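Secondary and tertiary structure notes
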Amino acid sequence: MANRRQTTEKSMQTMFFIIATASITILFLIMLFLFKEGLPIFKTVSVKDFIFGKYWYPTSDPADFGIFPLIVASLVVTGLSGMIAIPLGVMTAIYLSEIASYRVGEIVKPIVELLAALPSVVIGFFGMVLVAPFLQKVFDIPTGLNMFNASLMLAFMSIPTICSISEDAIHSVPGALREASVALGATQLQTIVRVVVPASLSGISTAVILGLSRAVGETMVVLMVAGGAAMLPTSIFDPVRPMPASIAAEMAEAPVGGEHYYALFATGIVLFVFTLLFNIVADYIAHRFTQVGEASL
Amino acid sequence: MNSLFVGPSSHRNENGAMATTQERQVESMSRTDPSFHGVSPTYDRIRKIKQNFFFFLFRAAAAINGIALLVIIYFMVVNGWRAITWEFLTQPPMQSMTKGGILPCIVGTFALSFGAIIVALPIGIASAIYLTEYARPGKVVRLIRLGINNLAGVPSVVFGLFGLAFFVVILNMGVSIAAGALTLGAMSLPVIIGATEEALKSVPDTYREASLGLGATKWQTIWRVVLPSAMPGILTGAILGISRAAGETAPIMFTGAVFFTPKLPTSIFNEVMALPYHIYVLATAGTQIEKTRHLQYGTAIVLIALVLGMNLVAIVWRSRLRKRLK
């Protein structure tokens with residue numbers, strides 16, 4: 001009897017271990033299929049021409065597969081959205097954990113969560129039918145569907161990520177640090193700026209990177225709002241075509257197994273590598289600079 | 001200390017109790033201890049003004065989130081509430097999607113998101129059980145966590161590509177509920193694992209010790225003691241997972257959802273319409289984009305109500321749980 005119980009125990013543990021590796025397996029399968037379907041394009045175009053090529057005309061004859069404008073669009077849109085989302089997200093996190101009373105916090109936190117829960121297609125739709133005409137009128141520009149609009153909408157998609165992870169980090173700063181600072185005569189603001197934020201900087205950095213990573217990979221917003229022109233932008237009111245938008249918009253027309261299909265998967269590889277790098281850096285920062293109480297200062 | 005306090009205090013109460021006490025301390029020290037020169041009255045005033053100014057900014061930043069949420073919901077509701085009728089919710093689209101309702105989209109979204117959760121929930125719970133109950137810290141756990149974190153960071157459109165290449169083409173499922181649900185399931189796995197882990201960790205160790213002390217094995221303890229106490233938390237996570245899956249568009253564009261199909265699905269290998277994809281299609285590729293605006297708003301309201309409703313339930317449920325655990 002005892003023996004049978006032990007066998008059950010062992011087999012249960014093994015089973016759970018095998019299932020727990022499912023995430024890695026899926027991640028591995030994703031990579032496998034991206035490469036399997038993406039690499040064939042490099043028989044037609046060289047890696048250098050693909051990444052640095054300035055022209056993306058996948059359906060013309062002969063086709064041009066240069067995704068440089070798409071990469072630039074993704075990076076600029078993400079950067080701009082970060083300029084809006086990072087201050088707002090981190091400040092909201094500081095407000096929630098350092099300033100807001102418990103009651104107000106109990107109202108604001110769910111609001112941030114609901115903002116995170118809004119489907120991306122709704123935010124894209126909002127940007128398309130309401131923000132775009134508004135921008136067009138206010139700035140007197142040919143189209144409201146442009147880089148600025150997309151960045152604005154993306155910002156509101158990454159604020160919740162930045163805010164909630166930063167808040168966790170700020171929350172885990174030991175109270176003793178705050179008390180010491182206050183006891184030395186610092187105001188609450190001085191305590192926040194010189195003690196709490198530096199102590200939680202690794203967590204806040206992780207939050208920022210994960211927020212930006214979300215913005216880079218976000219699809220529906222840039223698909224509906226960014227304007228869709230595969231050109232290098234010259235102003236923030238230019239329409240652009242970030243990588244996810246290109247993949248989502250063209251995959252339906254690209255015949256399975258054709259050059260265009262391969263090129264879109266290769267774009268997916270580039271996108272995947274971007275977010276993978278973001279996540280690995282975030283993971284590295286989070287582990288390398290783990291907050292160990294007072295010792296982290 | 002309070003008896004030493006002489007300065008006016010009425011205008012300082014704005015920043016909460018902590019600031020006031022600490023300012024009182026500073027003030028009382030500077031007034032009673034001649035050797036304390038740390039804070040001159042001017043400096044004190046300047047930094048107080050600075051603090052008020054910055055606290056105003058922090059509050060404004062937090063308020064912007066609420067305003068953004070309200071503005072989005074307000075405009076959707078104002079522009080679309082007229083479209084919400086019984087017919088809209090119970091009829092298929094008609095006359096090349098310029099009239100009629102969205103019943104197939106509602107059914108499709110339910111099928112896809114529940115399918116996703118049926119796939120992701122068992123795998124997610126089992127992964128979380130391994131990580132919290134069995135695993136010892138080390139390289140293997142670190143690797144599994146890295147895998148989960150990176151899976152959470154994979155862009156939704158890349159999940160779509162993966163689903164297309166693997167489920168639709170290689171496994172030959174075609175564009176179907178099965179392929180879409182598997183893709184969405186893979187995507188919501190990290191959410192489920194995270195929520196389940198939190199739920200398992202909140203079960204007090206004394207429960208486990210009591211069970212083990214009575215002679216139960218580890219698995220019996222998990223199955224009969226830990227899981228039942230963690231179940232509400234796990235279900236909260238499941239609701240969040242379903243709502244996330246219901247709102248996603250990019251992963252199902254190539255795997256489960258189609259432009260238009262008037263039939264309701266009869267098998268998991270049928271293709272379906274879905275709410276988020278329907279909004280996108282009507283807003284960007286419909287035959288009469290301007291004319292169908294009210295349908296677009298109406299569909300958006302239904303999707304928002306569905307997703308935010310599920311989230312609200314989960315949030316309220318979770319905060320009750322947390323209070324009970326305290």
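Everything here concerns the structure above.
Presented here is a report on the structure given in the accompanying data block. Keep in mind it's a predicted model, so treat the numbers as computed, not measured.

1. A closer look at the overall build of chain A
- Each helix and strand counted, chain A has 13 helices and 2 strands in total.
- With respect to the three principal axes, the spread of C-alpha positions in chain A is 75 × 70 × 30 Å.
- Sorting the 297 residues of chain A into buried and exposed places 55% on the buried side.
- Counting only contacts in chain A whose residues sit at least 6 apart along the sequence, the fraction spanning at least 24 positions is 73%.
- One finds the centroid of the 15 positive side-chain charges in chain A at a distance of 8 Å from the centroid of its 19 negative side-chain charges.

2. Overview of the overall build of chain B
- Scanning chain B from terminus to terminus reveals 12 helices and 2 strands.
- Traced from its N-terminal end to its C-terminal end, chain B shows the element sequence α-α-α-β-β-α-α-α-α-α-α-α-α-α.
- Counting over 326 residues, chain B shows a buried share of 52%.
- Relative to all contacts within chain B whose residues are 6 or more apart in sequence, the contacts with residues 24 or more apart total 72%.
- On chain B, roughly 15200 Å² of surface is accessible, and the fraction owed to carbon and sulfur atoms is 65%.

3. Brief notes about the nonpolar core
- Core analysis: the largest hydrophobic core is formed by 181 residues, its most contacted members being Ile30 and Phe125 of chain A together with Tyr280 of chain B.
- What Phe125 of chain A contacts, discounting residues up to four positions off in sequence, is Leu130 and Met224 of chain A together with Met76, Ile279, Ala283, Arg293, Gln296, Tyr297 and Ala300 of chain B.

4. Description of the packing of helix H9 (residues 188–199) of chain A against helix H2 (residues 41–80) of chain B
- Their axes nearest at 8 Å, the elements H9 of chain A and H2 of chain B cross at an angle of 70°. Classed by the angle they form, the pair H9 of chain A and H2 of chain B counts as roughly perpendicular. Each of Gln188, Leu189, Gln190 and Ile192 of chain A in H9 of chain A lies in contact with H2 of chain B, whose residues at this interface are Tyr43, Arg47, Lys50, Gln51, Phe54, Phe55 and Phe58 of chain B.
- Its residues assigned to classes, the contact of H9 of chain A with H2 of chain B shows 6 nonpolar, 3 polar and 2 charged.

5. So, the interface of chain B and chain A
- The partner chain A presents 78 residues to the 90 residues of chain B that form the contact.
- Where chain B abuts chain A, roughly 7600 Å² becomes buried across the two surfaces, and 77% of that area is made up of carbon and sulfur atoms.
- Ranking the residues of chain B by area buried against chain A places Phe58, Asn65 and Leu161 of chain B at the top, with a combined share of 9%.
- Here chain B is connected to chain A by 2 salt bridges.
- Between Asp283 of chain A and Arg142 of chain B there is a salt bridge, and its shortest N-O distance comes to 3.1 Å.
- Summed over the shared surface of chain B and chain A, the number is 16 residue pairs in polar contact (both at pLDDT 80 or more).
- Sorting elements by how many residues they give to the side of chain B that touches chain A places H2 of chain B first, with 21 residues.
- In terms of residue class, the side of chain B that touches chain A is built from 60 nonpolar, 21 polar and 9 charged.

6. Focus on the packing of aromatic side chains
- Under the defined criterion, the tally for this structure stands at 24 aromatic pairs over all chains.
- Pairing Phe42 of chain A with Phe50 of chain A gives two aromatic rings, centres 5.4 Å apart and planes at 90°, and the pair type is edge-to-face.
- Take Phe42 of chain A: its relative accessible area is 26%, and that puts it in the partly exposed class.
- By relative accessible area, which is 0% here, Phe50 of chain A ends up buried.
- Members of the aromatic cluster, each reached through a chain of ring pairs, are Phe16 of chain A together with Tyr134, Trp219 and Trp223 of chain B.

7. Notes on unusual backbone geometry
- The residue Asp140 of chain A is not glycine, and still its phi comes out positive at about 55°.
- With respect to the secondary-structure elements, Asp140 of chain A resides in the loop between helix H6 (120–139) and helix H7 (147–171).
- For Asp140 of chain A, a relative accessible area of 69% gives the class exposed.
- The phi dihedral of Asn172 of chain B falls on the positive side, at around 60°, and the residue is not glycine.
- Secondary-structure assignment places Asn172 of chain B in the loop between helix H6 (156–170) and helix H7 (177–201).
- Judged by its relative accessible area of 66%, Asn172 of chain B is exposed.

8. Focus on a nonpolar patch on the surface
Residue and element names in this part refer to chain B.
- Taken together, Ile67, Val71, Tyr74, Phe75 and Val78 make up a surface patch of nonpolar side chains, about 420 Å² in accessible area.
- Looking at the secondary structure, you find Val71 in helix H2.
- For Val71, a relative accessible area of 31% gives the class partly exposed.

9. Details of the pattern of salt bridges
- One pass over the full model with this rule turns up 12 salt bridges over all chains.
- Glu167 of chain A serves as the salt-bridge partner of Lys109 of chain A, at 3.5 Å between the closest nitrogen and oxygen. In this pair, Lys109 of chain A sits in helix H5 (residues 102–117) while Glu167 of chain A sits in helix H7, placing the two residues 58 residues apart along the sequence.
- Among the residues examined, Glu167 of chain A registers a relative accessible area of 10% and is labelled buried.
- Put simply, Arg145 of chain B and Glu197 of chain B hold a salt bridge, and the shortest N to O gap is 2.9 Å. Taken together, the positions of Arg145 of chain B in helix H5 (residues 139–153) and Glu197 of chain B in helix H7 put the pair 52 residues apart, joining distant regions of the chain.
- For Arg145 of chain B, a relative accessible area of 31% translates into the label partly exposed.
- On the basis of relative accessible area, Glu197 of chain B is assigned to the buried category, the value being 8%.
- By sharing partners, the salt bridges in this structure join Asp44, Arg47 and Lys48 of chain B into a single network.

10. Section: the environment of Glu87 of chain B
- Mapped onto the elements of the fold, Glu87 of chain B is located in helix H3 (residues 86–90).
- Spatially, the C-alpha atom of Glu87 of chain B lies 33 Å from that of Trp317 of chain B, the residues being 230 residues apart in sequence.

11. What to know about the side chain of Ser113 of chain B
Residues and elements named next belong to chain B.
- Tracing the chain through its elements places Ser113 in helix H4 (residues 103–134).
- On the basis of relative accessibility, which here comes to 2%, the residue Ser113 falls in the buried class.
- At a separation of 2.6 Å, a polar atom in the side chain of Ser113 contacts the main-chain carbonyl oxygen of Thr109.
- If sequence neighbours within four positions are ignored, Ser113 has contacts with Ile242, Ala245 and Ala246.

12. Concerning the side chain of Thr196 of chain B
- Note on placement: Thr196 of chain B falls in helix H7.
- In this view, Thr196 of chain B contacts Ile125, Ala128 and Ile234 of chain B; residues no more than four positions away in its chain are not counted.

How each quantity is defined
Residues numbered from 1 in each chain as written. Chains lettered and ligands numbered in written order. Predicted model: local features only at pLDDT ≥ 70, side-chain atom pairs only at ≥ 80, totals over all residues. Heavy atoms only, no water. Helix = DSSP H or I, 4+ residues; strand = E, 2+ residues; numbered from the N terminus. Buried < 20%, exposed > 50% of the residue type's maximum accessible area, 1.4 Å probe, protein only. Contact = heavy atoms within 4.5 Å. Lys, Arg positive; Asp, Glu negative; His and termini not counted. Charge placed at Lys NZ, Arg CZ, Asp CG, Glu CD. Areas by Shrake-Rupley, 256 points an atom, 1.4 Å probe, with all protein chains shown as cover. Core = buried A, V, L, I, M, F, W, Y, C linked by side-chain atoms within 4.5 Å. Axes fitted to C-alpha atoms, helices over the stretch in contact; angles between N-to-C directions. Parallel < 35°, antiparallel > 145°, perpendicular 65-115°, else oblique. Nonpolar A, V, L, I, M, F, W, Y, C, P; charged D, E, K, R; others polar. Buried area = accessible area lost by both parts, 1.4 Å probe. Salt bridge = Lys/Arg side-chain N within 4 Å of Asp/Glu carboxyl O. Polar contact = N/O pair within 3.5 Å; in protein donor to acceptor, adjacent residues only side chain to side chain. Phe/Tyr/Trp six-rings, centres within 6.5 Å; stacked < 30°, edge-to-face > 60°. Patch = residues over 30% accessible without salt bridge, like charges linked within 9 Å, V, L, I, M, F, W, Y side chains within 5 Å.

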